[in-house]
Amino acid sequence: MVPRCTNCHYEWKIKEVLSLGFSKDGKACPNCGQRQYISNETQKLFTLGYISLLFVPFLFFRIKLSDQNDLFP
């Protein structure tokens, strides 16, 4: 399962998701423009992945997007 925009269901590419993972302000969907954020659940997985880079390739299939910024209110 690939990450999809919560608004238009656009399938995000790996490069787009990785840049989103380093952004505090989220990123606009390349298709519809609605701002997307990494979900809390996925952020926890990313943290584990940064600790062990062995897991990073497998995380792409677990990434979920959100249309709300739960991490930085």
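Up top you'll find the structure we're talking about.
**Student:** What should I look at first to understand the pattern of salt bridges in this one?
**Tutor:** Oppositely charged side chains can form a pair if their charged atoms are brought close together. By the definition in use, this model includes 1 salt bridge. Between Arg4 and Glu11 there is a salt bridge, with the nearest N and O atoms lying 2.6 Å from each other. With relative accessibility at 41%, the residue Glu11 sits in the partly exposed group.

**Student:** How should the sheet that holds strand β3 (residues 65-66) be read in this particular structure?
**Tutor:** Whenever strands of a sheet pair, they do so through backbone hydrogen bonds, lying parallel or antiparallel. Strand order in the open sheet formed by 3 strands is β1-β2-β3, and the pairing between neighbours is antiparallel. The two strands at the open ends of the sheet, each matched to only one other strand, are β1 (27-28) and β3.

**Student:** When you look at the side chain of Glu16 in this model, what are you seeing that I'm missing?
**Tutor:** The residue Glu16 is located in helix α1 (residues 14-21) in this model. There is no salt bridge for the buried Glu16, and the closest opposite charge comes from Lys13, which lies 4.9 Å off by N-O distance. Side chain to side chain, Glu16 and Tyr10 meet in a polar contact 3.3 Å long. Here Glu16 is in contact with Tyr10, Lys27 and Pro30, once residues within four sequence places are set aside.

Reading guide: rules and limits
Residues numbered from 1 in each chain as written. Predicted model: local features only at pLDDT ≥ 70, side-chain atom pairs only at ≥ 80, totals over all residues. Heavy atoms only, no water. Salt bridge = Lys/Arg side-chain N within 4 Å of Asp/Glu carboxyl O. Buried < 20%, exposed > 50% of the residue type's maximum accessible area, 1.4 Å probe, protein only. Pairing = 2+ DSSP bridges. Helix = DSSP H or I, 4+ residues; strand = E, 2+ residues; numbered from the N terminus. Lys, Arg positive; Asp, Glu negative; His and termini not counted. Polar contact = N/O pair within 3.5 Å; in protein donor to acceptor, adjacent residues only side chain to side chain. Contact = heavy atoms within 4.5 Å.

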